[in-house]
Amino acid sequence: MSRIGKRPVTIPSGVTATVEGQTVKMKGPKGQLQFVVHDDVEVKFENGVVKVAPRVETNRAQALYGTARAQVANLVAGVTKGFEKKLEITGVGYRAALQGKNLQLALGYSHDVVYKIPEGIAITVPKPTEIVINGNDVQRVGQVAAEIRSYRPPEPYKGKGVKYADEFIFRKEGKKK
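Source: prediction; values computed, not measured.

What counts as what
Residues numbered from 1 in each chain as written. Predicted model: local features only at pLDDT ≥ 70, side-chain atom pairs only at ≥ 80, totals over all residues. Heavy atoms only, no water. Phe/Tyr/Trp six-rings, centres within 6.5 Å; stacked < 30°, edge-to-face > 60°. Helix = DSSP H or I, 4+ residues; strand = E, 2+ residues; numbered from the N terminus. Buried < 20%, exposed > 50% of the residue type's maximum accessible area, 1.4 Å probe, protein only. Lys NZ or Arg CZ within 6 Å of the ring centre and 35° of its normal. Pairing = 2+ DSSP bridges. Axes fitted to C-alpha atoms, helices over the stretch in contact; angles between N-to-C directions. Contact = heavy atoms within 4.5 Å. Expected span 1.5 Å × (residues − 1). Arc of directions from axis to C-beta.

### Focus: the packing of aromatic side chains
- Tallying each qualifying case throughout the model produces one aromatic pair.
- Summarising the aromatic geometry, the rings of tyrosine 115 and tyrosine 151 are spaced 6.2 Å apart at their centres and angled 70 degrees between planes, so their arrangement reads as edge-to-face. Of this pair, tyrosine 115 sits in strand E10 (residues 113-116) while tyrosine 151 sits in the loop between helix H3 (138-150) and strand E13 (161-164), and the two are 36 residues apart along the sequence.
- Judged by relative accessible area, tyrosine 115 falls into the buried class, the value being 6%.
- Judged by its relative accessible area of 28%, tyrosine 151 falls in the partly exposed class.
- Just above the ring of tyrosine 164 sits the side chain of lysine 85; from NZ or CZ to the centre is 5.2 Å.

If you want it as structure tokens, here you go:
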């Protein structure tokens, strides 16, 4: 049994939740989101609380209902607070800049990398070596951060590249003489 899946998700004031079949919809101050729950999982909305339970007692349903509850909790967090990821750029000459709807990255290549910012995502560049990604969908925010990081992942010798702000890069020793 999932320990997370057993706990109900309380809906705060200012957020409207609807459950139509297997679709859970949330609407709040930061926008609206929806999630389609797997058929092995049952979702109920009663008295300002969303409850998730497995329909059948199979291993698959047991595994899926904790995930479904976490997804519903992420919907509530997304429409109330939103999500944020921070990236740091390390390296001589490496920098980021916003140009309209595009993020321009100078990452040591012969040309600048231009990343088109998707809808529903807000990117700010407080410093040339710092990128802040905001949005209400945790999956999309994480995906955008991963795509930007993939242009130049941090390398273990000098630590150059794009890394998450809370990421630790295990440094290696260079060649010995």
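Next comes the rest of the write-up.
### Overview of the sheet that holds strand E12 (residues 130-135)
- Judged by pairing direction, the sheet is antiparallel, and its four strands sit side by side in the order E11-E12-E7-E13 without closing on themselves. In this open sheet, the two edge strands, each paired with only one partner strand, are strand E11 (121-127) and E13. With strand direction ignored, the average angle separating the axes of adjacent strands in the sheet is 25 degrees.
- In the sheet, strand E7 (residues 83-90) pairs with E13 via four bridges, with the strands oriented antiparallel. Each bridged residue has a counterpart across the sheet, and for threonine 90 the counterpart in E13 is glycine 161.
- Running over the sheet, H3 touches E7, E11, E12 and E13 and is turned about 10 degrees from E7.

### Quick word on H3
- For H3, with 13 residues, the first-to-last C-alpha span of 18 Å sits near the 18 Å given by 1.5 Å per residue.
- Looking only at H3, the buried set comprises Val141, Val144, Ala145 and Ile148. The arc enclosing the buried residues of H3, seen along the axis, measures out at 95 degrees, which places them on a common side.
- On its buried face, H3 sits against E7, strand E9 (102-106), E10, E11, E12 and E13.

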